[in-house]
Amino acid sequence: MKFSIVISTYNRLHLLRRAIDSALKQTIPCEVVVADDCSSEETEKYVRSLGDAVVYHRNQVNQGHAVTVNAGVEKASGDWIKFLDDDDYLDVHCIEKMSQAIALCPDAVICSCIAAQVDMEEKEISRTPTFGPGLAFYIPQADIHYGMLLELIPFGTPVQVACRRDAFLKTGGWDSKLNTNCDDIDSWIRIAQFGHGIFINQCLAYRTIWPGAYNQKFSFIQRLNTNILMKEKIYSLVNQKHHNHLPEMEDIKNYLKLHWTIVAFRRKDLQSCFALLSASAFSFNNWRFLINVVYSRQSKMYHSHIQKKILLDK
């Protein structure tokens, strides 16, 4: 099994250096690919100075995040792709730990881990929660989309995720028509059609939270609309075995409206809060759905339909 770490970048050399350094310091050998969306000459000069340690691709014109990621994967030669944005970085054991888990589940096509959210000084702000049993486990393909729909399966952001290259290519790669708030999630949805999903309950990745991050550019209303679009895509792929206990799509939409209204309120964005406010906020069923599915993710009603099989015990 060979891993390629694909780092997408655009005019953030001060952060890119750290991302590349974390990739080159992995405890097992792996290919490092830098996909550059036509940054300034300084970026190209720096990456080329690293010589054969890094495979370098540069777009001739600026084409956006999704196109750049796709170009990086095309350049890669590994069986598995580890995604990495230029403002994030990896634990030195990331590829080693992922390789160990994947070796125990050869039919897997996607793997995720816990990530720490850090500020610009690399001080930890928060951490994604542990999920499921053991140090590493897998969920069969037939259960993945049902779990994603009800937010019981958190693949997460690119810094957390790796996927099998052949599965990525079967999907056609990241959709350049989508914005950077959902092009990754859309990809996970489609990749998950081709095999099992692995989750590692260990922090192997670091995501930088800062004003310049791509995801900070979108309003709450944009995020709601994106969220609904992704749920509709997932809904169409839920395995037949789950259809008897599947919520109505309209109920899921109303729950999402309620969720983002609450998020806007917590962030003290009252303008967005009022814009999002609708009859969904006054529905008892929507509040119950919110509590059962999101805030009390231990709900037996939903979890009992998803199989989790331990690969590595604690």
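Check the entry above for the structure.
Residues numbered from 1 in each chain as written. Predicted model: local features only at pLDDT ≥ 70, side-chain atom pairs only at ≥ 80, totals over all residues. Heavy atoms only, no water.

This paragraph deals with the nonpolar core. The biggest cluster of nonpolar side chains holds 48 residues, and the ones touching the most others in it are Phe83, Ile139, Met148, Phe155, Trp188 and Ile191. It is helix α9 (residues 249–266) that provides the largest number of residues to this core, a total of seven residues. Leu13, Val54, Tyr56 and Val159 belong to the second largest nonpolar core, which has 35 residues in total. (Core = buried A, V, L, I, M, F, W, Y, C linked by side-chain atoms within 4.5 Å. Buried < 20%, exposed > 50% of the residue type's maximum accessible area, 1.4 Å probe, protein only. Helix = DSSP H or I, 4+ residues; strand = E, 2+ residues; numbered from the N terminus.)

A full pass over the atoms with the stated rule returns 15 salt bridges. A salt bridge links Asp21 to Lys25; the shortest N-O distance between them is 3.1 Å. Owing to a relative accessible area of 35%, Asp21 belongs among the partly exposed residues under this scheme. Between Asp186 and Lys233 there is a salt bridge, and its shortest N-O distance comes to 2.7 Å. Of this pair, Asp186 sits in helix α7 (residues 183–191) while Lys233 sits in helix α8 (residues 220–235), and the two are 47 residues apart along the sequence. We classify Asp186 as buried; its relative accessible area is 1%. One network of salt bridges, with partners in common, ties together Asp36, Glu44, Arg48 and Arg58. (Salt bridge = Lys/Arg side-chain N within 4 Å of Asp/Glu carboxyl O.)

This brings us to unusual backbone geometry. Notably, Cys38 is not glycine yet its phi reads approximately 60°, a positive angle. By the element assignment, Cys38 lies in the loop between β2 (31–36) and α2 (41–49). Within the chain, Glu151 stands out as a residue other than glycine whose phi angle is a positive 60°. By secondary structure assignment, the location of Glu151 is in the loop between α5 (141–149) and β9 (161–164).

It is worth stressing that arrangement in space is one thing and function is another; only the former is reported here.
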